[in-house]
Amino acid sequence: MIPMRLLIGGSPCTYWSIAQTVNRETEPSGMGWGLFENYLIALDKYKPDYFLYENNKSMSPAIRAEITKRFGFEPVNINSKLVSAQNRDRLYWIGKRNPDGTYIKVDVEQPEDRGILLRDVLESGVTWNEKAYTLDAHYYKTTGVFNPKKQRSYSRLMAAEPIRIGTIESAAKNADFDSQQYRGYSPDGKSVTLCGQGGGVGAKTGLYAVPFMRVPEATKQGYVDIYPGECVDLAQEHSKTRRGRRMAEKNNCLTTTCSMYEYCGTLDKPIYQVKDGYITIKGERYEIKLRDGCYIIRKLTVRECMRLQTVPETYIFPVSNTQAYKMLGNGWTCDVIAHILSYIPGISTEPIEVLSMYDGMSCGHIALDKLGANVERYYATEIDKYAIRTTQHNYPDTIQLGDAFQVRWEGWPLTKEATP
């Protein structure tokens, strides 16, 4: 059986995105348009039965109008928030090839809202936003310092870790009991497992509602007391201090009966206090949706970002976290792509040959896997060595074609006549 041909891809939106504050292209010309033209040339030479093209909704009206003119129909606008915990608004043109070589639109409905929130994808901690801001390829650059003045950006891609504030009295007498069920955190911490014998260990201690009391902080200069309402920004107060495990000054007290509590957080980041719906940063108060308590605020992990993009837990990144963040930011929300492709007749029953332009980490292949598609051959144009390494690790049969600009060459191997 001759396999169905499918062309997928989204030319890099760097030049068109509203996030591009310098030399943003707003007319159908320049490097961004040249990258898109590579896709058009592939569409003409490869002659797929179906195609899918994706790009950023924030492109200028002039560029959107010209792309629509070239394809002959309007795109469908889908926000990833319907299937994931991420706000990611994108345009998708999906078409079917007619016998005369023209393309007609494949009608796609909006996916059902799954009600997934940012808190649902966290490995630990809590969050103050229902949905994450759009993940991009520059997320790796953020140091993870919380900035409430930029709520529309990376601060909405962070999580809060409640600080440990105590240990129940019986545990203080035996280090073997220094485990999760004996520890107390801020009020946003999870309670211990309930059981039929009274609610579980610590169920009647009130651990999860104790206030953040006086905490001595060990520094090179001695101890610095933090009193109620004075959770300080340690990065500002003691930027050169090595911060690790802090113990109470008096008798290594670990009990909630003592006036001072142990702090066992990882103090490589500032501690912030939340009180009455406000967070205090450098003396200024900002509204935030967290319960009263003290927190460390961190950036999302690679795995949490995978979940934002609905990438399977089994997907492997044989590269650094920096490169993984980049690929995920440049990638597709896989469940959105799977939803769109599901409207192609026979996508899950017929053999398929795929050409993926600007393939990245092969999110298109992941989406096809989610549909149970029979991918006989998968060609990819990509130049990033880390993306190629990651793709080949997860999909070793992928045929890498190199630079997308090669599609312009005479005798390009995937013309209709030359393809095996």
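Conventions and cut-offs
Residues numbered from 1 in each chain as written. Predicted model: local features only at pLDDT ≥ 70, side-chain atom pairs only at ≥ 80, totals over all residues. Heavy atoms only, no water. Helix = DSSP H or I, 4+ residues; strand = E, 2+ residues; numbered from the N terminus. Contact = heavy atoms within 4.5 Å. Areas by Shrake-Rupley, 256 points an atom, 1.4 Å probe, with all protein chains shown as cover. Core = buried A, V, L, I, M, F, W, Y, C linked by side-chain atoms within 4.5 Å. Buried < 20%, exposed > 50% of the residue type's maximum accessible area, 1.4 Å probe, protein only. Phe/Tyr/Trp six-rings, centres within 6.5 Å; stacked < 30°, edge-to-face > 60°. Pairing = 2+ DSSP bridges.

**Student:** Any chance you could explain the overall build of the chain here in plain terms?
**Tutor:** For the chain, the helix and strand inventory stands at nine helices and 17 strands. Long-range pairs, those at least 24 residues apart, make up 65% of the contacts in the chain between residues at least 6 apart in sequence. When the accessible surface of the chain is summed, it comes to about 20,300 Å², and 49% of that surface belongs to carbon and sulfur atoms.

**Student:** Help me out: how do you make sense of the nonpolar core in this one?
**Tutor:** Across soluble globular proteins, you tend to see nonpolar side chains buried next to one another. L6, L300, F317, L328 and M361 are the most contacted members of the largest nonpolar core, which has 57 residues in total. It is helix α7 (residues 334-341) that contributes the most residues to this core, six residues altogether. Leave out the neighbours within four places in its chain, and F317 touches V302, M306, A324, M327, L328, M361 and T390. Formed by 29 residues, the second largest nonpolar core is a distinct cluster that contains L35, M59, F71 and F73.

**Student:** Help me understand the packing of aromatic side chains in this model?
**Tutor:** The geometry of an aromatic ring pair is captured by the separation of the ring centres together with the interplanar angle, meaning the angle of the planes. Throughout the structure, instances matching the rule amount to 19 aromatic pairs. Here the aromatic rings of W16 and W33 are separated by 6.2 Å at their centres, their planes lie at 40 degrees, and the arrangement is tilted. Taken as a pair, W16 in the loop between β1 (4-9) and α1 (31-46) and W33 in helix α1 lie far apart in primary sequence, 17 residues in all. Like W33, W16 is buried. Taken together, a centroid distance of 5.8 Å and an interplanar angle of 55 degrees make the contact between Y53 and F71 tilted. Here Y53 is found in strand β2 (residues 50-56), whereas its partner F71 is found in helix α2 (residues 61-71), with 18 residues between them in sequence. Of the two residues examined, Y53 and F71, each falls in the buried class.

**Student:** Help me understand the pairing of strand β11 (residues 271-275), please; the structure alone is not making it clear to me.
**Tutor:** Along a regular strand, successive side chains alternate from one face of the sheet to the other. Burial within β11 is extensive, with four of its five residues counted as buried. Sheet topology places β11 next to strand β14 (residues 293-299); four bridges connect them, and they run antiparallel. The residue bridging I271 from the neighbouring strand is I296, located in β14. For β11 and strand β12 (residues 278-281), the ladder comprises three bridges, and the chain directions are antiparallel. In the sheet register, Q273 faces β12, and the bridge partner there is T280. From the end of β11 to the start of β12, which pair antiparallel, there are two residues, and D276 there has a positive phi angle of about 55 degrees.

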